[in-house]
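As a plain string of letters, each chain reads:
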2 protein chains.
Amino acid sequence: MPEKIGPGKPDRYMQPSILMALLDGRSHGYELLQHIGEYGFLKGDAPPGMIYRHLRQMEEEGLVASQWDAEGSGPAKRVYAITDEGREVLDAWVGYMERQAASLLGFVTRYRERTGG
Amino acid sequence: MPEKIGPGKPDRYMQPSILMALLDGRSHGYELLQHIGEYGFLKGDAPPGMIYRHLRQMEEEGLVASQWDAEGSGPAKRVYAITDEGREVLDAWVGYMERQAASLLGFVTRYRERTGG
DNA sequence: TAACATATGTGCACTAAGCATCTATGTCAA
DNA sequence: TTGACATAGATGCTTAGTGCACATATGTTA
């Protein structure tokens, strides 16, 4: 399970961002697009194609579960919810992110000490 | 110049690690291999092929400069030194890493508040 | 002289990103 | 009533970067 997190995955943190957003309740791709930027890991908006691919891959891995929702206005939505396994993976991600933050701050400190800036 | 740093580059931070190590003085690939793990961004050792490719690409970009050193024991080494441009890029990296650490800690805090753990 | 450590590289398969594009559906205004 | 627009989901293609195995060369030492 811990092989699912951490590098070599890039530092956009799409997966934990999606899982985190789903902690607040079920949602669908198009809606998630507009919220996962809040965490500060994306420059602009996430490319739309990206999030759908992530969601489907995460469903294959059992981290989220989806069902179609044709209610409401507009076209049908594929609505996702986080699973117990998703919660575990998110927890592991948070641990990794904490360690990563510590490494980053250590690096920054080391640099400032050397350059006196 | 700021396009050279940040995502989509992965979070192994090879480039800033190499530049940082070269702040302490000129060095060569094989030696750098054994030191850049100290910063905490690599699981085990960096794959040897990786570092040589990075060094040559960084030389193309003008961040480091090399010359052959046949002195001393063992085979000749290609010894690298950081350039002024390399120093600027490292400085930009450090700024990026500081912001990244802040985002990470923000994410972690948000998670802990939600889950109470 | 064969094994080993040092030192630098190349080749290939795989993954993920980035971007453009495509499909479909519902809404609303001219 | 049809054409524009917003919503929603998905695919195709190119490129970048990784990971791993392997190749090459030189000096040291048993």
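A quick note: this is a predicted structure, and the numbers were derived from the prediction, not measured. (Residues numbered from 1 in each chain as written. Chains lettered and ligands numbered in written order. Predicted model: local features only at pLDDT ≥ 70, side-chain atom pairs only at ≥ 80, totals over all residues. Heavy atoms only, no water.)

Q: Please explain the protein's contact with DNA strand C as it appears in this structure.
A: Taken together, 21 residues lie around DNA strand C, and Arg12 of chain A together with Tyr30, Arg56, Pro75 and Arg78 of chain B are the ones closest in. In the interface set of DNA strand C, defined as its atoms within 4 Å of the protein, sugar plus phosphate atoms amount to 73%. Contacts to DNA strand C include Arg53 of chain A, whose side-chain N or O atom sits 3.2 Å from a base nitrogen. Contacts to DNA strand C include Tyr30 of chain B, whose backbone N or O atom sits 2.7 Å from a phosphate oxygen. (Near = heavy atom within 4 Å. Polar contact = N/O pair within 3.5 Å; in protein donor to acceptor, adjacent residues only side chain to side chain.)

Q: It is not clear to me how the sheet that holds strand β3 (residues 77-82) of chain B should be interpreted in this structure. Could you clarify?
A: Strands pair in a sheet through their backbones, by hydrogen bonds, and they do so in one of two ways: parallel or antiparallel. Residues and elements named next belong to chain B. Spatial strand order, β1-β3-β2: three strands in an open sheet with antiparallel pairing. Unpaired on one side and paired on the other, β1 (27-28) and β2 (64-69) mark the two borders of the sheet. In the sheet, β1 pairs with β3 via two bridges, with the strands oriented antiparallel. Along β3, the bridge assignment pairs His28 with Val79. (Pairing = 2+ DSSP bridges. Helix = DSSP H or I, 4+ residues; strand = E, 2+ residues; numbered from the N terminus.)

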